[in-house]
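Okay, here's what each chain looks like letter by letter:
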Amino acid sequence: MLNKEKEYATDAEVINSISGAYSAPFWDSVIEVAGTLDTARKIQTVLSELNTCGKNREAYLLILAIYDLLLMDVPAAIAALEQPQGRLDRFIGEFLMDIEDLMHDYEYEERKAATEQ
């Protein structure tokens, strides 16, 4: 994979791109199925706690299970991150940063919808 400078991307850049490409569709589906941001917040909290405890493999397995519950195929790029552990750790960190950014957008949309009613 080449980066913007036409150089081969580092693992960190690739993992950042993977998380960025797949986090919004994942969280959008969670919110759509649940019908509320509360479920996304709870999942975010659990993933964050697992990450804090160094349980990134468990966080990854939870993400895979949620894909199954949502009846979504796990993207091949995410499935390929299982090994080595360092890539998995970086992915979970990136995924959590992405939901942090997305949550601001979701909460803004929620507030906007509430004021329009």
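This text goes with the structure placed above it.
Everything numeric in this text was worked out from a predicted model, so none of it was measured.

Reading the values: the criteria
- Residues numbered from 1 in each chain as written.
- Predicted model: local features only at pLDDT ≥ 70, side-chain atom pairs only at ≥ 80, totals over all residues.
- Heavy atoms only, no water.
- Axes fitted to C-alpha atoms, helices over the stretch in contact; angles between N-to-C directions.
- Helix = DSSP H or I, 4+ residues; strand = E, 2+ residues; numbered from the N terminus.
- Parallel < 35°, antiparallel > 145°, perpendicular 65-115°, else oblique.
- Left-handed = near helix turned anticlockwise from the far one by under 90°.
- Contact = heavy atoms within 4.5 Å.
- Nonpolar A, V, L, I, M, F, W, Y, C, P; charged D, E, K, R; others polar.
- Core = buried A, V, L, I, M, F, W, Y, C linked by side-chain atoms within 4.5 Å.
- Buried < 20%, exposed > 50% of the residue type's maximum accessible area, 1.4 Å probe, protein only.
- Salt bridge = Lys/Arg side-chain N within 4 Å of Asp/Glu carboxyl O.
- Expected span 1.5 Å × (residues − 1).
- Arc of directions from axis to C-beta.

Asks: What is the right way to look at the packing of helix α2 (residues 37-52) against helix α3 (residues 56-69) in this model?
Replies: Relative placement of two packed helices is described by the angle separating their axes and the distance separating the axes. Following both chains from N to C, one finds α2 and α3 inclined at 155°, their axes separated by 7 Å at the closest point. As judged from the angle between their axes, α2 and α3 are roughly antiparallel. As α2 runs across α3, the sense of the crossing is left-handed. Counting all contacts with α2, which are made through I43, V46, L47, L50 and N51, the residues of α3 involved are N56, E58, A59, L62, I63 and I66. Residues that form the contact of α2 with α3 fall into these classes: eight nonpolar, two polar and one charged.

Asks: Quick question: what am I supposed to make of the nonpolar core here?
Replies: In a soluble, globular protein the nonpolar side chains are often hidden away together inside. If you look at the biggest cluster of nonpolar residues, it comprises 29 residues, and the most contacted ones within it are F26, W27, V30, L47, I63, F91 and Y106. Among the secondary structure elements, those contributing two or more residues to this core are α1 (11-34), α2, α3 and α5 (85-116). Looking at this core element by element, the count peaks at nine residues for α5. In this structure V30 touches T39, A40, I43, I66 and L70, once residues within four positions along its chain are discounted.

Asks: Can you help me understand the pattern of salt bridges in this one?
Replies: Where charged atoms of side chains with opposite charge meet at close range, the side chains can pair. Across all of its chains, the model carries five salt bridges by this definition. For D11, the salt bridge is made with R87, and the minimal N-O distance between the two is 4.0 Å. Of the two residues, D11 sits in helix α1 while R87 sits in helix α5, which places them 76 residues apart along the sequence. You can call D11 partly exposed: its relative accessible area is 47%. The residue R41 makes a salt bridge to E107 at a minimum N-O spacing of 3.5 Å. With R41 in helix α2 and E107 in helix α5, the pair connects residues that are 66 residues apart, well separated along the chain. Under the relative-accessibility criterion, E107 is labelled partly exposed at 22%. Beyond isolated ion pairs, a larger network of salt bridges with shared partners links D38, R41, E107 and E110.

Asks: Just to check I follow, could you spell out α3 for this structure?
Replies: For an α-helix the count is 3.6 residues per turn, leaving residues at separations of three or four pointing the same way. With 14 residues, α3 extends 20 Å from end C-alpha to end C-alpha; this agrees with the ideal 20 Å at 1.5 Å per step. Every buried residue of α3 is accounted for by N56, A59, Y60, I63, L64, I66 and Y67. Across the axial projection of α3, the buried residues extend over an arc of 160°, all falling on one side. Of the exposed residues in α3, those oriented more than 90 degrees away from the buried face are D68 and L69. Turning to α3, the residues buried within the fold contact α1, α2, α4 (76-79) and α5. Of the residues trailing α3, L71 is marked for its positive phi of about 60°.

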